[in-house]
Amino acid sequence: MKVLAAMSGGVDSAVAAARAAEAGHEVVGVHMALSKNRDQTRTGSRGCCTVEDASDARRAAEKIGIPYYVWDLSDDFHDLVVKDFLSEYAAGRTPNPCVRCNERIKFASLLERATVLGFDAVCTGHYASIRADGPSGAPSLHRSRNMAKDQSYVLAVMGPDAVGRSLFPLGEYETKEEVRAEARARGLGVSTKPDSYDICFVADGDTRGFLESHLGESPGEVLDDDGNVLGTHRGTHGFTIGQRKGLGIQRPAPDGAPRYVVDIDPASRQVVIGAAELLSTRELRATEVISFEPLEVGRQVHAQIRAHGEAIPARILEVPTTSAAPADPATADGSLRVEVSTPLRGVAPGQTLVLYDADRVLAAATLERRS
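If you look the protein up in an unreviewed UniProt entry, it shows as tRNA-specific 2-thiouridylase MnmA from Brachybacterium avium. Of the comments in the UniProt record for the protein, the one headed Sequence similarities (unreviewed entry) reads "Belongs to the MnmA/TRMU family."

Among the nonpolar cores identified, the biggest contains 45 residues, and Leu-4, Phe-77, Phe-85, Ile-105, Leu-110, Leu-141 and Phe-201 are the most heavily contacted of them. In terms of residue count, the dominant contributor to this core is helix α4 (residues 97-116) (7 residues). Counting only domains with at least three residues in this core, you end up with domain 1 (2-186) and domain 3 (281-367). In contact with Ile-105, other than residues within four places in its own chain, are Met-32, Leu-34, Leu-73, Asp-76, Phe-77, Leu-80, Val-81, Arg-100 and Leu-110. Ranked by size, the runner-up nonpolar core spans 23 residues in total, among them Ala-14, Ala-60, Ala-61 and Ala-121.

Right, let's get into the UniProt feature "site: Interaction with tRNA" (unreviewed entry) in the protein. Following the UniProt record, one finds the feature "site: Interaction with tRNA" (unreviewed entry) at His-126 and Gln-351. The exposure class assigned to His-126 is buried, which follows from its relative accessible area of 7%. Inspection of the secondary structure puts Gln-351 in the loop between β15 (336-344) and β16 (352-357). Those residues in contact with Gln-351 that sit more than four places away from it in its chain are Thr-94, Ile-305, Arg-306, Gly-346, Ala-365, Thr-366 and Leu-367.

For Glu-178, the position within the fold is in helix α7 (residues 176-185). Separated by 44 residues in the primary sequence, Glu-178 and Val-222 have C-alpha atoms spaced 49 Å apart.

The sheet built from 5 strands is open, its strands ordered β3-β2-β1-β4-β7 with parallel pairing. Of all strands in the sheet, those with a lone pairing partner are β3 (68-72) and β7 (166-167), marking the two edges. Pairing geometry for strand β1 (residues 2-6) and strand β2 (residues 26-33), over 5 bridges, is parallel. Within β2, the position partnered with Val-3 by the bridge is Val-27. Contacts from α4 reach β1, β2, β3, β4 (121-123) and β7, with the element oriented near 125 degrees to β2.

Here a disulfide denotes a covalent bond joining the sulfur atom of one cysteine to the sulfur atom of another. Here the structure, examined in full by the defined rule, presents 0 disulfides. Left without a disulfide partner, Cys-101 is nearest to the cysteine sulfur of Cys-200, which lies 6.1 Å away. Using a relative accessible area of 8% as the deciding quantity, one classes Cys-101 as buried. Of all cysteine sulfurs, the one in Cys-101 lies closest to Cys-123, which takes part in no disulfide; the gap is 16 Å.

Rules and cut-offs
- Residues numbered from 1 in each chain as written.
- Predicted model: local features only at pLDDT ≥ 70, side-chain atom pairs only at ≥ 80, totals over all residues.
- Heavy atoms only, no water.
- UniProt positions renumbered as here; feature names shortened; annotations may be inferred.
- Core = buried A, V, L, I, M, F, W, Y, C linked by side-chain atoms within 4.5 Å.
- Buried < 20%, exposed > 50% of the residue type's maximum accessible area, 1.4 Å probe, protein only.
- Helix = DSSP H or I, 4+ residues; strand = E, 2+ residues; numbered from the N terminus.
- Domains from an automatic or database assignment.
- Contact = heavy atoms within 4.5 Å.
- Pairing = 2+ DSSP bridges.
- Axes fitted to C-alpha atoms, helices over the stretch in contact; angles between N-to-C directions.
- Disulfide = S-S within 2.5 Å.

Right, dumping it as structure tokens:
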């Protein structure tokens with residue numbers, strides 16, 4: 001196949017590109033320049049799309065022996081990921097920018113450009129597997145064998161069509177050290193480069209400072225669940241459901257127990273805090289459903305609501321009125337509702353819900369507020 005290899009400048013994407021070339025595909029490497037600040041530099045595991053990253057990707061492509069280009073997708077990234085991140089927090093929701101980046105940049109903008117240029121597939125260094133065991137033999141998305149690095153959760157929103165046009169060569173590796181060892185064996189200089197963590201466009205890791213600098217201050221009240229004013233805050237965007245620290249209150253709870261953010265209302269600029277039990281729920285409701293196969297009421301599944309969270313047993317209570325067909329990645333209409341076997345705490349609107357059958361992804365959706 002003619003394959004476009006997305007090369008971030010890290011060890012994972014470099015080994016993935018090398019594996020694709022070794023498999024006999026016609027591979028072209030491309031580095032996505034996502035940051036508008038071209039002078040940004042990397043600090044250890046923090047930073048994204050830096051000069052160093054682009055140079056590392058170029059050197060890896062040269063070593064592999066494939067053509068290499070840099071594509072400026074910074075406008076798309078800013079409009080579809082950064083702006084979304086800010087607007088979601090402003091609305092009192094908790095987004096996952098990695099999910100949005102995979103959905104809208106790596107498997108939308110990038111794949112669209114690749115298709116126009118005649119590429120058959122996009123190859124990335126994500127830890128996930130694609131197998132031909134979906135409905136009617138269609139390609140399906142599975143967890144990586146390396147569960148510590150598994151990224152199927154953040155990839156689930158890509159949908160079945162994009163899965164069918166993607167390659168994830170790292171899905172069968174059991175450890176990250178195996179990948180680094182292969183990079184060393186291939187003479188790739190990025191074999192010891194540290195992984196990137198945190199939100200890539202918040203290079204210093206100060207998410208609250210980033211939000212304040214872009215959304216400004218919008219003072220309001222911090223209340224308990226009885227409506228008593230306990231303090232003030234500088235903006236609801238500085239809070240997320242389940243947060244325990246930095247609540248801006250001086251008085252302890254009457255029973256001395258910790259208190260958590262249990263509700264956020266940007267319209268009234270109020271943040272409500274309460275006891276841990278107010279955070280627990282056994283029912284999840286989500287919209288913007290993307291299905292890899294038809295979903296049925298009563299089906300037993302596993303549900304996961306955080307990238308590094310645990311998938312727990314659940315039962316489907318309600319499915320969208322028009323569930324997306326296996327070959328159609330269109331978002332389904334209506335709600336997806338599931339009941340989990342044990343109560344979950346800190347379920348926040350805007351998070352992604354992913355359903356699994358064993359290690360196979362069934363669907364992804366966006367969590368809504370609890371009723």
